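Here is how the chains run, residue by residue.
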Amino acid sequence: MKIRLLMLSSLLLMAAVAAPSQARVKLVLLPQRENVRINFSAGQSLMEEERVVALEEGINEVEMAWEGLPIAPQSILFNPVDSADMLTTLAISTPPSGQSALIWWVRATEAGNYRLRISYALHGGVTVERVDYAARANVDETSVDLTGRARLYNASGMDQDPLTVEMGAALPIFAPIQRDERKDLLILNQVTYSLTKRYVSDRNVENGRVQLVYEWTVPVEAGPQLAGKSRAFLATDEEGQSKLDTFLGESLLPYVARGEEAKTLVGFANNVEVERTLIDARDTDVKFTNVPEGSDRQPERVLWNTRRTWRVDLKNHTPDDLVIRLVEVATGQWSLAGEIQPTEVKNGNVFHIDVPVAAGEEKTIEYTIIQENVEPGDAVLP
């Protein structure tokens, strides 16, 4: 089960047509692939390889066959690396036999050796079995050192040698991997990010119990951060001796795109309380169907607005001034009434309200969520 590239010049093709039926055209096996790379940043295995190919002047037929390999045919791209102005791809086709192959007809302005780049997606080929992170915060929790390891498994049915791995924010790693081999790679080595520690209360998570969350921003130039399991630690001395670190917790770290925020749960704050109470729930501006006079039918509601007013009691039993983030989810066309307004809105319907609470303080706020133009069957506010 090997990927092979075959090249048939137009002259040989014409000779094959003119020759007797028992004559066979000899297909030329192209050189071994070079500079093979695999990229996992897009959530799949994207392979890219280069080969130096001897092409004849005129039209050449180049075939790529991958019998037994999990390649997605629609993902295959074929491009010259250099001398692009001397090569023209005239057509692409699939052999009528239904075999796993593609054929390119390429015109070369002159004979010579050309470097071609071929990329394709592997489904279940070389895969990332797991990614593990260690997030180590400094003593004052203003920065975090992130270390990441990934385990690859080669289920492609062939040796991947040579192979360069590109994985999220990691620099390219030269890591040939044999058929059915598992290999662990260091993808992040104590990369330091600025850290924000947040106290978060989400009504839909643990009944609003206050979570301790570490947040940092993945730099645009660093590349995305792959999903994996994260374990958080807190340094307990200025020297940063790992043997003295305090284990804070473990959570799943989702895939984070460049320039976006990464978050990891490090525990719950038992000395910070948030209690929500729904104090008013009503529908307003209700519109009904028209019912003819004398009809036995009852009018039905067709359009209305909803209002939900919440009282939130916050208690800070710590010796430090805090900002507690309330996370709420709205639906449809929504807005907040009154002085309390969202600090930020995510994805159109998730909004945050940041409430400063001094050390030892108890504070109460109220806000009203309005959902407009609700129709029968719409999701409504709780």
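Cut-off values and rules
- Residues numbered from 1 in each chain as written.
- Predicted model: local features only at pLDDT ≥ 70, side-chain atom pairs only at ≥ 80, totals over all residues.
- Heavy atoms only, no water.
- Helix = DSSP H or I, 4+ residues; strand = E, 2+ residues; numbered from the N terminus.
- Contact = heavy atoms within 4.5 Å.
- Areas by Shrake-Rupley, 256 points an atom, 1.4 Å probe, with all protein chains shown as cover.
- Pairing = 2+ DSSP bridges.
- Buried < 20%, exposed > 50% of the residue type's maximum accessible area, 1.4 Å probe, protein only.
- Phe/Tyr/Trp six-rings, centres within 6.5 Å; stacked < 30°, edge-to-face > 60°.
- Lys NZ or Arg CZ within 6 Å of the ring centre and 35° of its normal.
- Core = buried A, V, L, I, M, F, W, Y, C linked by side-chain atoms within 4.5 Å.
- Polar contact = N/O pair within 3.5 Å; in protein donor to acceptor, adjacent residues only side chain to side chain.
- pLDDT = per-residue confidence, 0-100.
- Salt bridge = Lys/Arg side-chain N within 4 Å of Asp/Glu carboxyl O.

J.: Is there a simple way to explain the overall build of the chain in this structure?
T.: Broken down by element type, the chain carries one helix and 26 strands. In the chain, the share of contacts with a sequence separation of at least 24, taken over all contacts with a separation of at least 6, comes to 68%. Accessible surface, the chain as shown: approximately 20500 Å² in total, 48% of it carbon and sulfur.

J.: What am I meant to see in the sheet that holds strand β13 (residues 173-174) here?
T.: Each strand in a sheet pairs with its neighbour through backbone hydrogen bonds, running either in the same direction (parallel) or in the opposite one (antiparallel). Pairing is mixed across the open sheet formed by six strands, whose spatial order is β6-β9-β4-β3-β12-β13. At either end of the open sheet lies a strand with only one pairing partner, and these are β6 (77-80) and β13.

J.: Which parts of the structure should I look at to understand the pairing of strand β8 (residues 101-108)?
T.: A regular strand places its side chains on the two faces of the sheet in alternate fashion. Most of β8 is tucked away: six of the eight residues are buried. Pairing geometry for strand β5 (residues 58-65) and β8, over eight bridges, is antiparallel. For Ile 59, the partnering residue across the bridge sits in β8 and is Arg 107. Examined bridge by bridge, strand β7 (residues 87-93) and β8 share six bridges and lie antiparallel to one another. Paired with Ala 91 across the two strands is Trp 105, which belongs to β8.

J.: Explanation requested: the environment of Leu 146 in the structure shown.
T.: Position of Leu 146 among the secondary structure elements: in strand β11 (residues 143-154). What makes Leu 146 buried here is its relative accessible area of 0%. Each C-alpha atom of the pair Leu 146 and Gln 190 lies 4.8 Å from the other, and the pair is 44 residues apart in sequence. Discounting residues that sit within four places of it in the chain, Leu 146 has contacts with Tyr 133, Ala 134, Ala 135, Leu 188, Asn 189, Gln 190, Val 191, Tyr 193, Trp 216 and Gln 225.

J.: When you look at the packing of aromatic side chains in this model, what are you seeing that I'm missing?
T.: Any pair of aromatic rings gets described here by the distance separating the centres and the angle formed by the planes. Overall, the coordinates contain four aromatic pairs when judged by the stated rule. Both rings, one in Phe 78 and one in Trp 104, keep their centres 4.5 Å apart while their planes meet at 20°; by these two values the pair is stacked. In this pair, Phe 78 is assigned in strand β6 and Trp 104 in strand β8, connecting sequence segments 26 residues apart. Just as Phe 78 is buried, Trp 104 falls in that class too. One Lys or Arg, Arg 182, reaches over the ring of Tyr 153 and ends 4.2 Å from the middle of that ring. A cation over a ring is seen here: Arg 301 above Trp 304, with NZ or CZ 4.1 Å from the ring centre.

J.: Would you mind showing me how to read the nonpolar core here?
T.: Within soluble globular proteins, side chains that are nonpolar tend to cluster in buried spots. In this structure, Ile 76, Val 165, Trp 216, Leu 314, Leu 326 and Tyr 367 are the most contacted members of the largest nonpolar core, which totals 75 residues. In this view, Leu 314 contacts Glu 273, Val 274, Ile 324, Leu 326, Val 355, Val 357, Glu 361, Glu 362, Lys 363 and Ile 365; residues no more than four positions away in its chain are not counted.

J.: For this particular structure, what's the right way to read the environment of Lys 197?
T.: Inspection of the secondary structure assignment puts Lys 197 in strand β15 (residues 196-202). Exposure remark for Lys 197: the relative accessible area of 31% places this residue in the partly exposed category. Through-space distance from the C-alpha of Lys 197 to that of Trp 216 is 9.1 Å; in sequence the pair is 19 residues apart. Separated by 3.0 Å, the side chains of Lys 197 and Glu 141 make a polar contact.

J.: Can you walk me through the confidence of the model for the chain in this structure?
T.: Fine structural detail should not be taken from predicted coordinates in areas where pLDDT scores are low. In this model, the chain carries an average pLDDT of 82, and 85% of its residues clear a pLDDT of 70 or more. Mean pLDDT values for the elements of the chain range from 38 in strand β2 (residues 28-29) up to 95 in strand β25 (residues 350-357). Scored below 50 in pLDDT, residues 8-30 shows 26 contacts in the model against residues more than four places distant or in partner chains.

J.: In this structure, what is going on with the pattern of salt bridges? I would like to understand it.
T.: Two side chains carrying opposite charge are able to pair once their charged atoms lie near each other. A complete count under the given rule lists 23 salt bridges for this structure. Its salt-bridge partner being Arg 37, residue Glu 166 comes within 2.1 Å of it at the nearest N-O pair. Of the two residues, Glu 166 is situated in strand β12 (residues 164-166) and Arg 37 in strand β3 (residues 34-39); the sequence distance between them amounts to 129 residues. Note on Glu 166: relative accessible area 22%, which makes it partly exposed. On the basis of relative accessibility, which here comes to 27%, the residue Arg 37 falls in the partly exposed class. Beyond isolated ion pairs, a larger network of salt bridges with shared partners links Glu 48, Glu 50, Arg 115 and Arg 117.

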